[in-house]
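# Analysis of the macromolecular model
Chain by chain, the residues run as shown.
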Amino acid sequence: MMKNIIFTFLFIVAAFCCFCYAEEAVSSAELINNAKQYDGKVVIYKGEVIGDLMMRGEFAWVNVSDGVNAIGIWANKDLVKGIVYTGSYKSKGDRVEVKGVFHRACLEHGGDLDIHADLLRKTDNGVIIGKTIDMAKKKAAFILLGLTGLIMILSRLKKIRRLG
Amino acid sequence: MILRPGINDIKNISYYLGKIIIGLGLTMIIPVIIGLFSQEINPSLDFLISAAITLSIGMILTWASRAKEDLDWMQGMIVVSLSWLAAMLLGALPLYLSGHWKSYLDACFEAMSIFTTTGLVLVQDLDHLSLAHNLWRHLGNFIGGQGIAIVALSFFVKGTSGAFKMYVGEGRDERLLPNVINTARFIWLISIVYLILGTLSLGITGISIGMKPMNAFFHGACIFMAGFDTAGFAPQSQSLLYYHSFLFEIITAAIMVFGILNFNLHYQVWFGKRKEIWKNIETRMFFISLTGLFLIAAIGLDKLGVYPKAVMLFRKGFFQLISGHTTTGYMTVYARQFINEWGNLAMVGLICAMAIGGCSCSTSGGIKILRIGIFLKALKQDIKRIILPERAAVSQMLHHIKDIFLEDRQVRSVLLITLLYIGLYITGAVMGMWFGYPFLDSLFESTSAAANTGLTCGITDAGMPAALKITYMFQMWAGRLEFMSVFVLIGFFIAEIKGR
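We now turn to the structure provided with this report. Note that the coordinates shown come from a computational prediction; the quantities given were computed from them, not determined experimentally.

## Overview of unusual backbone geometry
All names here are of chain B. Despite not being glycine, T117 has its phi angle at roughly 55°, a positive value. Relative to the helices and strands, T117 is located in the loop between α5 (104-115) and α6 (131-146). For C361, which is not glycine, the phi torsion reads 50° and is therefore positive. Within the secondary structure layout, C361 lies in the loop between α16 (335-356) and α17 (369-387). On the basis of neighbour counts, which here come to 26 C-beta atoms within 10 Å, the residue C361 falls in the buried class.

See below:
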């Protein structure tokens, strides 16, 4: 009897996990182009967190980009606690997977197209992008600045000669 | 018989063009400083390289061709049209070097969009663009909004009648002060005062909605420059959707409206003539046009049930209409939503708003409200002529800063420019259809480019045909300069080839 209960429990857990994570993520283009079709439905959306994490009381706005478009995610502030890096020139943002209700024109947020997150988990850590100085650009800058300086001097000399 | 331009014409043009290019090169130093300050070394190098090339070209031009005379009308117009092309080609250099644009053509497209304050973009991965490059995009809006030639001349030239010709060549003909250089400087003063106020209000709002303080003020400055100069550029790919804030949208809408008001009107209000706001034909026409076109768009949106609540319809519909009418191009919906959800009627309302545009002698594009006002007054006058007895003297007056009697000469000029704009809108739409885009999409994008708006329904993309990119670039250029300078340049080249 006990064995059957454990087996059934494990089966339910496995089924739940499959339901949660085996669903395919939808791209931003798919969501925007077929917004009416997805309106009010639970979707999975993946991407990089970009810009600011904007705290609004018990909630926060997180903008997540899948490389084509960025979509606003409205999430409980506890869900975004783990986000460390957000995408900018200097850093690659954390990659997250969001599961939540998609809104074509959100009633709560003045008609914005957004996703209200039920689950938000970090799939990849972001990183500070170490930028090495581009030596070719550095050389080019020095040569061109030297050339500009030379033209400036020649131009001044011509002016002095003309006035003199 | 066509006369071939003489060597003095070319020398004069080269000299003033060189001065303007030097001015452009010097402005590239600002992103270098910002880049170094924020430890963005490679972007700073991009701007150093570009500044060096730009300054060298400018100095060689002024060096090789010393001007002996003031500019005449033809030379002034050519200097203006060439300076915008030079700004595009040279302003695109730092963009291309950043690696965020797929080709030099794309960088030129973006540079033309920046300086003409259009707002159509081809940037890749904008969310990871450096502060220096982002600043350049918005600073370019600020410079282009005032007028490239007049900006350079207000710093390099002391009182010249040639400056007035360039001022007119950049699509403006109203002098606030007797001296055009002082007029340009006053325009700068107005813009900088508003820049400080606008940046502060947007920055504080940014902090209140959860942005980091430095980011909030940087975004505030960028959004102000692009909003006041009706460019519609934004530091993030989501445009204004990034902020998720109604307050931010309201402040931006107010900035856009300030941006489309005639600088002459700003001048009158600054010096106490507040009643001018209510009496001026442009502000009256703008209110009527905005209300009428919003009603059309709202009926269209309501019929399709795009927004289930009236508040939502107002927030999205009215903002997009103001954004279109002011020719700014900020978006609070995604590009494809216009096509997929908004429907034909709302789209037509938006296209009409973009086509009409803002006030004359402002930073906005499009046909201009003053011209629509004059056209309607002329129509009223003609109807009166038909109704009243033949012997009755019919005159029509309009109030624009002062009371003006309508003359046939003004109506002719208004109709000519209006027809040219309509022709430009149609040409771009035909080109769009040529490349297989549907009619309404093509007309929307073409009107947006030619009226220097920047709203997009999704056609503008790095993958679109090169010929269409060049078409939109030409539309942005011709639309911003209000045709005359462009025609004079074409005439100059014809005279150079065929003249004796």
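## Details of the packing of helix α3 (residues 41-64) of chain B against helix α4 (residues 73-98) of chain B
All names here are of chain B. Close contact between α3 and α4 brings their axes to 9 Å; oriented N to C, the two are set at 150°. For the element pair α3 / α4, the angle class is roughly antiparallel. The two elements α3 and α4 meet at a crossing, and its hand is right-handed. Taken together, the residues of α4 that come into contact with α3 (itself represented by P43, D46, F47, I49, S50, I53 and T54) are L90, L93, P94, L97 and S98. Among the residues making up the contact of α3 with α4, the classes are represented as eight nonpolar, three polar and one charged.

## Notes on the environment of E445 of chain B
Residues and elements named next belong to chain B. Assignment of secondary structure puts E445 in helix α19 (residues 439-450). The buried category is assigned to E445, around which 29 C-beta atoms lie within 10 Å. With 400 residues separating them in the primary sequence, E445 and L45 have C-alpha atoms 35 Å apart. Setting aside its immediate chain neighbours within four residues, E445 contacts G432, T456, C457, I459 and T460.

## Details of the interface of chain A and chain B
With 40 residues of chain A in contact, the opposing surface of chain B contributes 43 residues. Broken down by secondary-structure element, the contributors of at least two residues to the side of chain A that touches chain B are α2 (28-33), β1 (42-56), β2 (59-65), β3 (70-76) and α4 (135-163) of chain A. The element contributing the most residues to the side of chain A that touches chain B is α4 of chain A, with 12 residues. Of the residues in the side of chain A that touches chain B, the class split is 19 nonpolar, 13 polar and eight charged.

What counts and how
- Residues numbered from 1 in each chain as written.
- Chains lettered and ligands numbered in written order.
- Predicted model: local features only at pLDDT ≥ 70, side-chain atom pairs only at ≥ 80, totals over all residues.
- Helix = DSSP H or I, 4+ residues; strand = E, 2+ residues; numbered from the N terminus.
- Buried ≥ 20, exposed ≤ 12 C-beta atoms within 10 Å, placed from the backbone.
- Axes fitted to C-alpha atoms, helices over the stretch in contact; angles between N-to-C directions.
- Parallel < 35°, antiparallel > 145°, perpendicular 65-115°, else oblique.
- Left-handed = near helix turned anticlockwise from the far one by under 90°.
- Contact = placed C-beta atoms within 7 Å.
- Nonpolar A, V, L, I, M, F, W, Y, C, P; charged D, E, K, R; others polar.

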